[in-house]
Amino acid sequence: MTAKTFDPAQLQTFLAVAQTRSFTQAAARLGIRQPTVSQHIRRLEEAAGRVLVQRDTHSVSMTPDGEAMIGFARSILAAHEQAANYFSGERPHGRLRIGMSDDLALTRLPQILREFRRDHPLVDLDLSIDQSGTLHRRLENDRLDLFVGKRPRGEPRGQLVKRDRLVWVGTASTRLDMSKPLPLVVYPNPSLSRSAMENALQRANITYRPACLCRGVNGLIGAVAAGIGISALASSLVPVQLTPLGPQHRLPELGYIDLVLLTNPRTEGRPAAKALAAAVLASGPASISTT
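Let me begin by describing the structure that accompanies this report. (Residues numbered from 1 in each chain as written. Predicted model: local features only at pLDDT ≥ 70, side-chain atom pairs only at ≥ 80, totals over all residues. Heavy atoms only, no water.)

This next bit is on the state of the cysteines. Under the definition given, this model contains 0 disulfides. Not engaged in a disulfide, the cysteine Cys212 finds its nearest cysteine sulfur in Cys214; these two sulfurs lie 3.7 Å apart. Exposure remark for Cys214: the relative accessible area of 6% places this residue in the buried category. (Disulfide = S-S within 2.5 Å. Buried < 20%, exposed > 50% of the residue type's maximum accessible area, 1.4 Å probe, protein only.)

As judged from the 5 bridges shared by strand E7 (residues 182–186) and strand E8 (residues 208–213), these two strands associate in the parallel manner. Each residue of the ladder has a partner; that of Pro183, found in E8, is Arg209. (Pairing = 2+ DSSP bridges. Helix = DSSP H or I, 4+ residues; strand = E, 2+ residues; numbered from the N terminus.)

Applying the stated criterion across every chain yields a total of 3 cavities of 30 Å³ or more. Roughly 80 Å³ of volume is contained in the largest cavity. If you trace the largest cavity, you find it lined by Ser101, Asp102, Asp103, Gln131, Ser132, Gly133, Lys150, Tyr187, Ser191, Leu192 and Ser193. Here the residues of the lining of the largest cavity sort into 2 nonpolar, 6 polar and 3 charged. (1 Å grid on protein atoms, 1.4 Å probe; cavity = no way out; pocket = protein on both sides within 12 Å on 5 of 7 lines; lining within 4 Å. Points joined across faces, edges and corners; volume = space filled by probe spheres on them. Nonpolar A, V, L, I, M, F, W, Y, C, P; charged D, E, K, R; others polar.)

This paragraph deals with the environment of Cys214. Relative to the helices and strands, Cys214 is located in the loop between E8 and helix H8 (217–225). Those residues within four positions of Cys214 in sequence are excluded, and the remaining contacts are Val185, Val186, Tyr187, Pro188, Gly219, Leu220 and Ala223. (Contact = heavy atoms within 4.5 Å.)

One pass over the structure, following the stated rule, counts 10 salt bridges. Across the pair Asp142 and Arg97 runs a salt bridge whose closest N-O atoms are separated by 3.4 Å. With Asp142 in the loop between helix H6 (132–140) and strand E5 (146–152) and Arg97 in strand E3 (residues 94–101), this residue pair connects regions lying 45 residues apart in the sequence. By relative accessible area, which is 29% here, Asp142 ends up partly exposed. A salt bridge links Arg194 to Glu198, with the nearest nitrogen and oxygen atoms 3.0 Å apart. Of the two residues, Arg194 and Glu198 both sit in helix H7 (residues 192–203), 4 residues apart, roughly one turn of that helix. Overall, Arg194 belongs to the buried group, its relative accessible area being 14%. On the basis of relative accessibility, which here comes to 17%, the residue Glu198 falls in the buried class. The structure contains a network of salt bridges with shared partners spanning Arg95, Arg117, Asp124 and Asp126. (Salt bridge = Lys/Arg side-chain N within 4 Å of Asp/Glu carboxyl O.)

Encoded structure:
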């Protein structure tokens, strides 16, 4: 049997489609035309001998073979990058200032940083864990090189890693009395999740009060688990201690939020920054899920 070979450029395009679930967004991320994206996917499917992507006029999804190819593509591209770095003789070095929203610190992203540090031992890391709004400001003020966190839906900045639905969270025993202001567990402003909750409740004419102010995700989880109030999290980040609240609680929809990678235009061209950005984007949506 002839061994199958896969073009790294086609694999990179495939991963961009898998992560964005959109040929248009994949083309924008990669800086290529949409017909080129379609051509890359078609040729990759021909090389694999399998249908990898299901697409129609409304949606893009992965077939079971496509889901399998995601893992193979990451491994092939990682090995390709390691070989290129090794033989180029230009191993990334220096110090990277990285920001990560504190709820993402509960995901596989720290593992990605460990693997990056293992593969690039000459790069030292300064890691800042904070709220997304605070980290946005630190990046704008040239105090970070990269930031992985949340942005409001429709905000153009950053490279999309995952689009996620915001959900209300409580416990299995949560009961809400709509005749009284709803008790909310919130972060200090600026907070994207707090703004989403407040805006949704105001549109629905539901009164609320900040029953507990938390400065970190562990405090928020603890306060909600203790029954002090309800809050909101990205659906893929809901920990086992909490429960998404369903239609029976008669709460308004919170919409979606984007988990993105943003880079500092002053330093994004550095080899170390480019290597870490590539590692985060290649890890795909599966990296942004609870462990």
